Amino acid sequence: MKTPLHNNHVELGAKMVDFAGWQMPLHYGSQIEEHHSVRKAAGMFDVSHMLPVDFVGADSKQLLQLLLASDVEKLNEDGRAAYTVMLNEQGGILDDLIVYRLDVGSYRAIFNAGSAEADLKWIESKASSKFDASITPRHDLNILAVQGPDALDKAALALEHANFDALKPFRSTQVNEFFVGRTGYTGEDGIEILCGSDQIESLWQELLKVGVHPCGLGARDTLRLEAGLNLNGNDMSPTISPLESSLSWVVDWEPEDRKFIGRDSLNTERTTGPKRKLTGIVLTGGIMRAGQEVTTDVGTGVVTSGSYSPTLGYSVALARVPVTATGKCRVKIRKREQEGRLVRPPFVRKGEKVHK
Amino acid sequence: MSDTPSDLRYTKTHEWARLDDGMIVVGISDYAQDALGDVVFIELPVVGDEVNDGEEVAVVESVKAASDIYAPVSGSIATVNELLDEQPELLNSDPYGEGWIFILNPNNSEDHQELLDSHSYDEFCSSEENEH
């Protein structure tokens with residue numbers, strides 16, 4: 001599959017790769033330059049492969065209260081958004097997502113491309129006829145993420161909108177035909193813009209004109225990793241709970257009578273205490289990659305995401321290790337063990353190194 | 001289109017080799033650096049090691065993946081480019097110049113002649129491209 005911006009990417013010399021069945025830009029020349037552009041100025045990502053799904057109807061809130069680990073009641077005004085996860089009965093993570101309240105009885109959730117199809121089947125099987133809620137996958141909507149310290153100013157110029165001062169983090173608004181959420185996946189300030197296929201190309205051109213740097217999935221991955229943000233399929237999976245994915249904070253136990261899917265299993269795990277945790281590793285003697293073995297003083301673990309951090313100039317990773325592990329660790333990089341250090345993510349905050 | 005200087009020899013694993021006063025200078029081709037993307041870390045060979053042709057001697061890590069570097073001919077490692085410890089990006093910006101990786105003292109300097117010439121290497125790269 002191709003996004004409506006496919007030709008624009010090719011024109012800019014993008015190296016296109018397959019991602020979950022979509023032809024997506026990996027980079028437009030230098031992934032590292034793209035990464036820095038987002039940390040220092042503003043970059044944009046075509047993430048139209050992600051799938052918005054609208055939930056509309058009298059029972060849409062009740063349905064989401066069943067499907068999601070977070071209490072949707074907390075979205076107490078139109079436009080409010082929350083990051084959360086959708087769990088299976090065992091408390092494993094099916095997907096992570098951002099859910100927006102559009103209106104009373106009307107919500108929009110944005111799912112990952114790789115899991116969207118399975119997510120939809122799951123949602124439909126749980127919704128059945130018990131709920132008065134229509135579930136509409138919005139294949140017609142495209143998404144551009146504009147991220148970086150200059151993102152809001154540049155996007156306002158491109159959209160001919162006065163400014164986004166009134167748009168707080170995790171809030172959304174409508175600007176003409178554009179749905180704009182102050183959200184992202186880079187650890188920088190920024191917005192994500194949803195629009196139809198006939199608007200996205202001119203929006204892309206306007207953003208290029210005001211100096212927003214096009215960025216591919218490669219930079220998106222190193223940016224989210226530096227920011228300590230999980231990637232579904234790597235750091236999260238249907239056999240692992242949010243409690244072992246540093247996502248306890250998205251699980252709302254109150255109110256007690258909200259019986260979301262996975263609650264009972266999670267509750268058991270909470271009582272006995274999770275065995276593992278997802279944490280960070282920094283290391284200078286090589287580049288960590290997913291799947292590498294980690295040895296700590298209290299047992300072994302595994303790297304779930306690893307790469308080179310362009311901001312720090314050495315390797316950073318997320319790893320699942322025994323819950324009590326701290327301090328030094330060793331990571332097996334090909335044939336050799338390299339010494340690393342367990343640290344709490346993020347690795348980079350507002351463009352600056354977090355751990356000395 | 002990648003740059004493939006005609007005065008060098010090449011391998012199917014994308015190293016280049018230049019015969020220089022009886023020694024063989026080794027790096028990776030422009031085609032290889034382009035495919036790898038931004039190079040961020042290099043594990044250099046150990047000076048003095050005896051290596052056989054086709055043996056893994058170094059590792060080049062780009063942002064996206066690790067890639068092994070093989071000895072193009074048999075010999076011993078004479079020198080390594082320590083500048084790459086600090087500036088691995090030289091492999092991208094100047095693969096045939098400052099981005100050289102190591103120098104081999106070959107057991108037999110005629111082995112160099114057995115490697116691919118630039119024309120055959122270009123053909124090999126385009127056949128590889130077509131497979132993808």
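Cut-off values and rules
Residues numbered from 1 in each chain as written. Chains lettered and ligands numbered in written order. Predicted model: local features only at pLDDT ≥ 70, side-chain atom pairs only at ≥ 80, totals over all residues. Heavy atoms only, no water. Helix = DSSP H or I, 4+ residues; strand = E, 2+ residues; numbered from the N terminus. Buried < 20%, exposed > 50% of the residue type's maximum accessible area, 1.4 Å probe, protein only. Contact = heavy atoms within 4.5 Å. Areas by Shrake-Rupley, 256 points an atom, 1.4 Å probe, with all protein chains shown as cover. Lys, Arg positive; Asp, Glu negative; His and termini not counted. Charge placed at Lys NZ, Arg CZ, Asp CG, Glu CD. Rg over C-alpha atoms; globule rule 2.2 N^0.38 Å. Pairing = 2+ DSSP bridges. Axes fitted to C-alpha atoms, helices over the stretch in contact; angles between N-to-C directions. Expected span 1.5 Å × (residues − 1). Arc of directions from axis to C-beta. pLDDT = per-residue confidence, 0-100. Core = buried A, V, L, I, M, F, W, Y, C linked by side-chain atoms within 4.5 Å. Salt bridge = Lys/Arg side-chain N within 4 Å of Asp/Glu carboxyl O.

### What about the overall build of chain A?
Then, in step 1: Helix and strand content of chain A: 8 helices and 21 strands.
Then, in step 2: Along the first, second and third principal axes, the C-alpha set of chain A runs to 55 × 50 × 35 Å.
Then, in step 3: In chain A, which comprises 356 residues, the share counted as buried stands at 58%.
Then, in step 4: Partitioning the contacts of chain A with sequence separation of at least 6, the portion at a separation of at least 24 is 67%.
Then, in step 5: Carbon and sulfur atoms provide 49% of the accessible area of chain A, an area that totals close to 15,200 Å².
Then, in step 6: A gap of 9 Å separates the mean positions of the 41 positive and 46 negative side-chain charges of chain A.

### Side note on the overall build of chain B
Then, in step 1: Within chain B one finds 4 helices and 9 strands.
Then, in step 2: Reading the secondary structure of chain B in the N-to-C direction produces β-β-β-α-β-β-β-β-β-α-α-β-α.
Then, in step 3: Rg of the C-alpha trace for chain B: 14 Å, near the compact-globule value of 14 Å for 132 residues, within the 12% margin.
Then, in step 4: Counting only C-alpha atoms and orienting by the principal axes, one finds that chain B spans roughly 35 × 35 × 20 Å.
Then, in step 5: Considering chain B as a whole, with its 132 residues, one finds that 50% of them fall into the buried category.
Then, in step 6: When the accessible surface of chain B is split by element, carbon and sulfur atoms take 41% of a total near 6,400 Å².
Then, in step 7: Treating the 4 positive side-chain charges of chain B as one cloud and the 31 negative ones as another, the clouds have centres 7 Å apart.

### Some details on the sheet that holds strand β6 (residues 93-103) of chain A
Residues and elements named next belong to chain A.
Then, in step 1: Taken in spatial order, the 5 strands of this open sheet run β5-β6-β7-β4-β8, and their pairing is antiparallel. A strand with exactly one partner marks an edge of an open sheet, and here the two such strands are β5 (81-87) and β8 (134-137). Adjacent strand axes in the sheet meet at a mean angle of 30° when their direction is disregarded.
Then, in step 2: Direction of pairing for strand β4 (residues 51-56) relative to strand β7 (residues 106-111): antiparallel, over a ladder of 6 bridges. From the neighbouring strand, Leu51 faces β7, where its bridge partner is Phe111.

### Concerning helix α4 (residues 116-127) of chain A
Residue and element names in this part refer to chain A.
Then, in step 1: End to end, α4 covers 16 Å across 12 residues, agreeing with the expected 16 Å (1.5 Å per residue, within 8%).
Then, in step 2: Those residues of α4 not exposed but buried are Ala116, Asp119, Leu120, Trp122, Ile123 and Ala127. Projection of α4 onto a plane perpendicular to its axis shows the buried side chains occupying an angular sector of 165°, all on one side. Opposite the buried face of α4, at more than 90 degrees from it, the exposed residues are Glu117, Ala118 and Lys121.

### What to know about the confidence of the model for chain B
The predicted structure's coordinates, where accompanied by low pLDDT, should not be read in detail.
Then, in step 1: Averaged over chain B, the pLDDT score is 94; the fraction of residues at 70 or greater is 98%.
Then, in step 2: In the predicted complex, the global pTM is 0.93; the interface-specific ipTM is 0.82.

### Here we look at unusual backbone geometry
Residues and elements named next belong to chain A.
Then, in step 1: The step from Glu254 to Pro255 runs through a cis peptide bond, and the omega angle for that step is -5°.
Then, in step 2: Within the secondary structure, Pro255 is located in the loop between α7 (217-226) and α8 (263-272).
Then, in step 3: Residue Pro345 is joined to Pro346 through a cis peptide bond whose omega torsion reads 5°.
Then, in step 4: In this fold, Pro346 is placed in the loop between β19 (336-343) and β20 (348-349).
Then, in step 5: A positive phi angle is found at Glu160, which is not glycine, with a value near 50°.

### Quick look at the sheet that holds strand β13 (residues 213-214) of chain A
Residues and elements named next belong to chain A.
Then, in step 1: In spatial order, the strands read β10-β11-β12-β9-β3-β13; together these 6 strands make up an open sheet with mixed pairing. Here the strands that pair on one side only, and so sit at the sheet edges, are β10 (172-175) and β13.
Then, in step 2: Sheet analysis places β10 next to strand β11 (residues 178-181), joined by 4 bridges and oriented antiparallel. Residue pairing for β11: Ser172 is matched across the bridge by Gly181.

### Structural notes on the nonpolar core
Residues and elements named next belong to chain A.
Then, in step 1: By size, the foremost hydrophobic cluster in this structure holds 27 residues, and its most contacted members are Phe164, Val180, Ile191 and Leu207.
Then, in step 2: Looking at this core, the elements with two or more residues in it are β9 (141-147), α5 (151-158), β11, β12 (190-196) and α6 (197-209).
Then, in step 3: If one sorts the elements of this core by residue count, α5 sits on top with 5 residues.
Then, in step 4: Phe164 has contacts with Leu152, Ala155, Ala156, Leu159, Val175, Val180, Arg182 and Ile191, leaving out every residue within four places of it along the chain.

### Quick word on the side chain of Gln199(A)
Then, in step 1: Turning to its location among the elements, Gln199(A) is positioned in helix α6.
Then, in step 2: Under the relative-accessibility criterion, Gln199(A) is labelled buried at 18%.

### Brief notes about the environment of Val316(A)
Then, in step 1: Along the chain, the position of Val316(A) falls in strand β17 (residues 314-322).
Then, in step 2: Excluding its chain neighbours within four sequence positions, the residues that come into contact with Val316(A) are Leu225(A), Ile281(A), Val282(A), Met288(A), Ser305(A), Gly306(A), Ser307(A), Ser309(A) and Phe347(A).

### A short note on the environment of Val210(A)
Then, in step 1: As for its placement among the helices and strands, Val210(A) is situated in the loop between α6 and β13.
Then, in step 2: As a C-alpha pair, Val210(A) and Ser248(A) span 38 residues in sequence and 40 Å in three-dimensional space.

### Here we look at the environment of Val57(B)
Residues and elements named next belong to chain B.
Then, in step 1: Take Val57: it is sitting in strand β6 (residues 56-62).
Then, in step 2: Taking the relative accessible area as the measure of exposure, Val57 reaches 14% and is therefore buried.
Then, in step 3: The spacing of Val57 and Gly99 is 42 residues in sequence and 16 Å in space, taken between C-alpha atoms.
Then, in step 4: Residues contacting Val57, with those up to four places away along its chain left out, are Leu44, Pro45, Val51, Ile69, Tyr70, Ala71 and Phe102.

### Some words on the pattern of salt bridges
Then, in step 1: This model, assessed by the stated rule, comprises 21 salt bridges over all chains.
Then, in step 2: Of the charged contacts in the structure, one is a salt bridge between Asp140(A) and Arg138(A), with a shortest N-O distance of 2.9 Å.
Then, in step 3: Its salt-bridge partner being Glu61(B), residue Arg289(A) comes within 2.6 Å of it at the nearest N-O pair. Pair noted here: Arg289(A) is in the loop between β14 (276-283) and β15 (293-296) and Glu61(B) is in strand β6, and the two residues belong to different chains.

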